[in-house]
Amino acid sequence: MVVLCLGVVAGYLLGGLLTARAVFRRGRERFLHRGGAQAVDARRVRTFERQERQQTEAFALCSGALWPVALPVLLLHRLVGTVALDRERPGAARPDPGAVAARIDELERELRLGCHGGAGPDGAPSGPLLPAERRAEGVPDRRARSV
């Protein structure tokens, strides 16, 4: 009975250590190859050692302690990224910056913000009213008052 308990504990520890090592290696490689860098230079390694090593180790140790949960996540990582997050779909790329700028300009024009927030036809400002302007025009303040 004691041998069985020791075997289970040893197996759990071995699984945790292997998972922690794999998670640390994956985190380190992800940092070193960030931005599509193919070659790893000494500057990136020093930056990792100085800035990222401690949090990567902490995450790896937590993953190792919870390896029955972390191991399936690691194994299914690519599948989840492809299916659930649509990373591989070509249409999932960033939208055209020109179209985004045009949409922002259209919304600013509708809301009369930014460069479109000038005076209206009667000479009064046409933007949203500030609280002092609301009181001057008789617009009730609907905010809850504290007692």
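Up top is the structure.
Not measured: the values here are computed from a predicted model. (Residues numbered from 1 in each chain as written. Predicted model: local features only at pLDDT ≥ 70, side-chain atom pairs only at ≥ 80, totals over all residues. Heavy atoms only, no water.)

Report on the layout of surface pockets, specifying residues and quantitative values.
The space that makes up the largest pocket amounts to roughly 250 Å³. V23, R26, G27, R30, Q55, T56, F59, S63, A70, V73, L74 and H77 together form the lining of the largest pocket. Mapped by element, the contributors of at least two residues to the lining of the largest pocket are helix 1 (2-32), helix 2 (42-65) and helix 3 (67-75). When grouped by side-chain class, the residues that make up the lining of the largest pocket number five nonpolar, five polar and two charged. (1 Å grid on protein atoms, 1.4 Å probe; cavity = no way out; pocket = protein on both sides within 12 Å on 5 of 7 lines; lining within 4 Å. Points joined across faces, edges and corners; volume = space filled by probe spheres on them. Helix = DSSP H or I, 4+ residues; strand = E, 2+ residues; numbered from the N terminus. Nonpolar A, V, L, I, M, F, W, Y, C, P; charged D, E, K, R; others polar.)

Hey, could you go over helix 5 (residues 97-111) for me, with residue numbers and the actual values?
Taking 1.5 Å of rise per residue, the 15 residues of helix 5 would be expected to cover 21 Å, and the 21 Å separating its terminal C-alpha atoms lies within 8% of that figure. Positive phi appears at R112, one or two residues downstream of helix 5, with a value of about 55°. (Expected span 1.5 Å × (residues − 1).)

Account for the packing of aromatic side chains, naming residues and giving values.
Taken as a whole and assessed by the stated rule, the structure comprises three aromatic pairs. A ring pair is formed by F31 and F48, whose centres lie 5.7 Å apart and whose planes are at 45°; its orientation type is tilted. On the criterion of sequence distance, the pair formed by F31 in helix 1 and F48 in helix 2 is long-range, its members being 17 residues apart. The same class applies to F31 as to F48, namely buried. Clustering of aromatic rings is evident, with ring pairs tying together F24, F31 and F48. (Phe/Tyr/Trp six-rings, centres within 6.5 Å; stacked < 30°, edge-to-face > 60°. Buried < 20%, exposed > 50% of the residue type's maximum accessible area, 1.4 Å probe, protein only.)

Tell me about the packing of helix 1 against helix 3, residues and numbers included.
In the contact formed by helix 1 and helix 3, the axes pass within 10 Å of each other and the chain directions differ by 40°. Between helix 1 and helix 3, the interaxial angle falls into the category oblique. The chirality of how helix 1 crosses helix 3 is left-handed. Counting all contacts with helix 1, which are made through G11, Y12, G15, G16, T19, V23 and R26, the residues of helix 3 involved are W67, P68, A70, L71 and L74. Counted by class, the contact of helix 1 with helix 3 contains seven nonpolar, four polar and one charged residues. (Axes fitted to C-alpha atoms, helices over the stretch in contact; angles between N-to-C directions. Parallel < 35°, antiparallel > 145°, perpendicular 65-115°, else oblique. Left-handed = near helix turned anticlockwise from the far one by under 90°. Contact = heavy atoms within 4.5 Å.)

How would you explain the pattern of salt bridges if you had to name every residue and give the values?
Under the counting rule described, the total for this entry stands at six salt bridges. Here R43 makes a salt bridge to D41, at a shortest N to O gap of 4.0 Å. The salt bridge partner of R53 is E57, with a shortest N-O separation of 2.9 Å. Of this pair, R53 and E57 both sit in helix 2, four residues apart, roughly one helical turn. (Salt bridge = Lys/Arg side-chain N within 4 Å of Asp/Glu carboxyl O.)

In short, the description is geometric, and any link to function would need to be established separately.
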